[in-house]
Amino acid sequence: MEPADRPAAGQEWSAADYARNARFVADLAAPLLGWLVPVAGERILDLGCGDGALTEKLVASGATVRAVDASPEMVDGARARGLDALVVDAHELPFTQEFDAVFSNAALHWMKRDPDAVLASVFRALKPGGRFVAELGAHGNCAQVRDAVQAAFAARGLDARPLDPWYFPTLQDYRARLEKAGFAVQRMERFDRPTPLPGDVTAWLETFGGAFTAHLDDATRRAILADVRQRLEARLFHDGRWVLDYVRLRFIAIRPA
Ligand code: BEZ
């Protein structure tokens, strides 16, 4: 799940809200699990585990899984599933050469404060020869939503850009950061993944974009959400469904033996 680290300033996470509006995040991760290929007996770190829905699938492979997230609410949700979950800042993972693999789905883009510190921390946590398998939003991810939020703020003389909690790097940028951290990139892809939402774009924004509106008074917050919805409707609402313009970055990077 990105935060200055999840949670970003102003971004609150509720396990119930996440289950209602963000279950698709774990549901769409099957291909990433196919890149990880977890093996029974391995030690795996799930970085940014959210409420643990995906961590459970790692555990089902027979691996020994440690789950971490910066949000105490999310970690409570993961623990309620019986998972070994810890509240930890990904910039400072307290692990040295402990894991055969570090896995991360839809979390690194919340870790905006210092992506290089996160990668150094992951590198340190892996055993030599270990793999880092992850997916995050790529440059251009949800660009129409970001633009609509900025336009709705600007229409009221406000600037959304300093509040934007998301880090969506280009493939070239992130590959260079991985290599600078010492990783050998084995495979890396950027692809469009139009993503149907389970409900309204307003609910999605309230779940994922709380950092934009947390400081606003109620009336302004409601007006901005309605304005964003209206700006996006013609482009992203089709056949009774919202489909967002997700773009993904997926990679396997190895800590050399
Ligand atoms: C994502 O998982 O791609 C995402 C997360 C937060 C905001 C937008 C997109």
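It should be noted that the structure appears before, not after, this text.
For clarity, every value in this text was computed on a predicted model and none was experimentally measured.

Peer 1: Help me understand the site of the ligand in this model?
Peer 2: The ligand sits among Ala106, His109, Trp110, Asn141, Cys142, Trp166, Phe168, Trp204, Phe208, Tyr246 and Arg248. Between His109 and the ligand, the recorded distance is 3.3 Å, taken from a side-chain N or O atom to an oxygen atom. Side-chain polar atom of Arg248 to an oxygen atom of the ligand: 2.4 Å apart, as the coordinates give it. Out of a free accessible area of 260 Å², the ligand has 99% covered by protein chains.

Peer 1: Even after reading the chapter, I still don't get the pairing of strand β4 (residues 99-105), so can you show me in this structure?
Peer 2: Remark: a regular strand shows side chains that alternate across the two faces of the sheet. Of all 7 residues that make up β4, 6 are buried, and the element is covered over most of its length. Where strand β1 (residues 43-47) and β4 come together, 3 bridges link them in parallel fashion. Bridging from a neighbouring strand, Leu45 pairs with Val102 of β4. With 6 bridges connecting them, β4 and strand β5 (residues 126-137) associate as parallel partners. Each residue of the ladder has a partner; that of Val102, found in β5, is Phe132. In this fold, the crossover linking β4 to β5 by way of helix α6 (residues 115-125) has right-handed handedness.

Peer 1: Whenever I open this one, the nonpolar core confuses me. Can you help?
Peer 2: Leu108, Phe132, Tyr174, Leu178 and Phe251 are the most contacted members of the largest nonpolar core, which totals 33 residues. When residues of this core are traced back to their parent elements, those giving at least two are β1, β4, α6, β5, α8 (171-180), β6 (184-192) and β10 (247-254). In contact with Tyr174, other than residues within four places in its own chain, are Leu108, Leu119, Leu136, Tyr167, Pro169, Met188, Leu249 and Phe251. Of all hydrophobic cores here, the second largest spans 32 residues; its members include Ala22, Met74, Leu216 and Leu244.

Peer 1: Please explain α8 as it appears in this structure.
Peer 2: In an α-helix, one turn spans 3.6 residues; hence positions three or four apart end up facing the same way. Here α8 has its buried residues at Leu171, Tyr174 and Leu178. One side of α8 carries all its buried residues, which in axial view fall inside an arc of 75°. Exposed residues lying more than 90 degrees from the buried face of α8 are Gln172 and Lys180. Considering only its buried residues, α8 is in contact with α6, β5, β6 and β10. The first or second residue beyond α8 is Gly182, which carries a positive phi of 110°.

Peer 1: I'm lost on the side chain of Glu135 in this one. Help?
Peer 2: In this fold, Glu135 is placed in strand β5. For Glu135, a relative accessible area of 1% puts it in the buried group. Side chain to side chain, Glu135 and Arg250 meet in a polar contact 2.7 Å long. Once residues lying within four places of it in the same chain are set aside, the contact partners of Glu135 are Leu32, Ser104, Asn105, Ala106, Ala107, Phe191, Arg193, Arg248, Leu249 and Arg250.

Definitions and cut-offs
- Residues numbered from 1 in each chain as written.
- Predicted model: local features only at pLDDT ≥ 70, side-chain atom pairs only at ≥ 80, totals over all residues.
- Heavy atoms only, no water.
- Near = heavy atom within 4 Å.
- Polar contact = N/O pair within 3.5 Å; in protein donor to acceptor, adjacent residues only side chain to side chain.
- Areas by Shrake-Rupley, 256 points an atom, 1.4 Å probe, with all protein chains shown as cover.
- Buried < 20%, exposed > 50% of the residue type's maximum accessible area, 1.4 Å probe, protein only.
- Helix = DSSP H or I, 4+ residues; strand = E, 2+ residues; numbered from the N terminus.
- Pairing = 2+ DSSP bridges.
- Right-handed = clockwise from strand over helix to strand, strands pointing away.
- Core = buried A, V, L, I, M, F, W, Y, C linked by side-chain atoms within 4.5 Å.
- Contact = heavy atoms within 4.5 Å.
- Arc of directions from axis to C-beta.

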